[in-house]
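Geometric and topological summary
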Amino acid sequence: MKKITKILAVILAALFVAGCFAACSSPSESDNEDNQNEKKTLIVGFDQDGFVPFGYTDDNGDWTGFDIELAKECVKIMDNYDDIQLYPLNWDSKDQLMEAGAIDIIWNGFTIQGRENDYEWSKPYMSNRQVIVVREDSGINTVDDLAGKVVGSQKDSSGLNALKGNDKIMSIIKDKKAMEFDGYETALMELEAGGVDALVIDEQVITVKIKNGDVKDCKILDESLATEDYGIGAKKGNTELIAELENALDTLAANGKVAELSEKYFGYDATVWANK
């Protein structure tokens, strides 16, 4: 009898200890609520070579630009995010980084057309054209004047896609082959130095660069190669993040912040909300 009593005592003691351990180690309802309400950091990927005026380094070496400032404003009012991490990336590696979860979104004057099925997209926030820029003294005034000339664009860019997709231009340029550059900054330096005769580039980008004097003695041809829209791209299926970003953008458009930033970087409201 004593032996049975001792065994029961040991079992009861073990159950008591196990119960205490479970109570101490299991998260409480309030802990679960805290975890659910914990906000995250939004990781924004953009071209490390700079894409004025959307994302680039200022005179102090800090990242700035229309898209970057707008992303920071969005994070201030988003439900599930309260901080931002800027991730300058090699443009060729953007898809691998997104697939690996290193970045949440690409926000970089990012063209929707031609990539519709590759990302979860926000609604367009700005329209753009792919245009041809040449040196003023080049003697190139129309597309026909590109015959025998060296023409290029940035690798994996909408400009390069527009160039390669234009059969007329590809049939008359030198070697019938587009020159590809790692970044627009390098491409524009080559244009000014005479290493390339013409570049296909985003109109919003080159217009601001010429206006600010960053690109000298160059002009934009009247003919454009493509009209497109800029949006925010997230990993396919991440509809919740895109919906939250769209809500934030609509709020910032309504309170005038979008127009304010556009005036700062473009000199006018270049966004889709300007005509609404």
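Because the structure is a prediction, the values reported are computed rather than measured.

Attention now moves to the overall build of the protein. Helices and strands together make up the secondary structure of the protein, namely 10 helices and 11 strands. Going through the 276 residues of the protein one by one, you find that 43% of them count as buried. Excluding contacts between residues fewer than 6 apart, the proportion of contacts in the protein whose partners are at least 24 apart in sequence is 75%. Counting every atom, the protein has about 14,400 Å² of accessible surface; 48% of that belongs to carbon and sulfur.

The next subject is helix H10 (residues 257–266). Among the residues of H10, Val-258, Leu-261, Ser-262, Tyr-265 and Phe-266 are the ones counted as buried. Projected down its long axis, H10 shows its buried positions confined to an angular sector of 105°, all on one face. Of the surrounding elements, those touching the buried residues of H10 are strand S2 (56–57), strand S3 (63–64), helix H3 (66–77), strand S7 (126–135), helix H8 (203–212) and helix H9 (239–254). Within two residues after H10, Gly-267 carries a phi angle of roughly 90°, on the positive side.

With that settled, consider the pairing of strand S10 (residues 198–202). Counting buried positions along S10 yields 5 of 5 residues, so the element is predominantly enclosed. Relative to S10, S7 runs antiparallel, the two sharing 5 bridges. Within the sheet, the bridge partner assigned to Ile-132 lies in S10 and is Val-200. In this sheet, S10 lies alongside strand S8 (residues 151–154) in parallel orientation, the contact comprising 2 bridges. Each bridged residue has a counterpart across the sheet, and for Gly-152 the counterpart in S10 is Leu-199.

Before going further, it helps to spend a moment on the side chain of Asp-202. By secondary structure assignment, the location of Asp-202 is in strand S10. For the buried Asp-202, no salt bridge is present, and the opposite-charge side chain at shortest range is Arg-115, 7.9 Å distant. Contact partners of Asp-202, with chain neighbours within four places excluded, come to Phe-51, Gly-109, Thr-111, Asn-128, Arg-129, Gln-130, Val-131, Tyr-184, Glu-228 and Tyr-230.

Attention now moves to the packing of H3 against H10. Angle between the axes and distance between the axes: these two values describe a pair of packed helices. Interhelical geometry of H3 versus H10 gives an angle of 160° and a closest axis separation of 10 Å. Taken together, H3 and H10 sit at an angle that is classed as roughly antiparallel. Here H3 runs over H10; the crossing is right-handed. The segment H3 lies against H10, with Phe-66, Glu-69, Leu-70 and Glu-73 engaging Lys-257, Val-258, Leu-261, Ser-262, Lys-264, Tyr-265 and Phe-266. Of the residues contributing to the contact of H3 with H10, the split by class is 6 nonpolar, 1 polar and 4 charged.

Residues Trp-107 and Leu-245 are the most contacted members of the largest nonpolar core, which totals 48 residues. For this core, the element with the highest residue contribution is H9, accounting for 6 residues. In this structure, Trp-107 is in contact with Val-44, Gly-45, Phe-46, Asp-67, Leu-70, Ala-71, Cys-74, Tyr-125, Ile-232, Leu-245 and Leu-249, ignoring residues within four places of it in sequence.

Our focus in this paragraph is the pattern of salt bridges. Taken as a whole, this structure holds 13 salt bridges when the rule is applied. Salt-bridge contacts for Lys-235 lead to Glu-99; the nearest nitrogen and oxygen are separated by 3.8 Å. You can see Lys-235 sitting in the loop between strand S11 (218–234) and H9 and its partner Glu-99 sitting in helix H4 (residues 94–99), a full 136 residues away along the chain. Residue Glu-99 is classed as exposed on the basis of its relative accessible area of 56%.

What counts and how
Residues numbered from 1 in each chain as written. Predicted model: local features only at pLDDT ≥ 70, side-chain atom pairs only at ≥ 80, totals over all residues. Heavy atoms only, no water. Helix = DSSP H or I, 4+ residues; strand = E, 2+ residues; numbered from the N terminus. Buried < 20%, exposed > 50% of the residue type's maximum accessible area, 1.4 Å probe, protein only. Contact = heavy atoms within 4.5 Å. Areas by Shrake-Rupley, 256 points an atom, 1.4 Å probe, with all protein chains shown as cover. Arc of directions from axis to C-beta. Pairing = 2+ DSSP bridges. Lys, Arg positive; Asp, Glu negative; His and termini not counted. Salt bridge = Lys/Arg side-chain N within 4 Å of Asp/Glu carboxyl O. Axes fitted to C-alpha atoms, helices over the stretch in contact; angles between N-to-C directions. Parallel < 35°, antiparallel > 145°, perpendicular 65-115°, else oblique. Left-handed = near helix turned anticlockwise from the far one by under 90°. Nonpolar A, V, L, I, M, F, W, Y, C, P; charged D, E, K, R; others polar. Core = buried A, V, L, I, M, F, W, Y, C linked by side-chain atoms within 4.5 Å.

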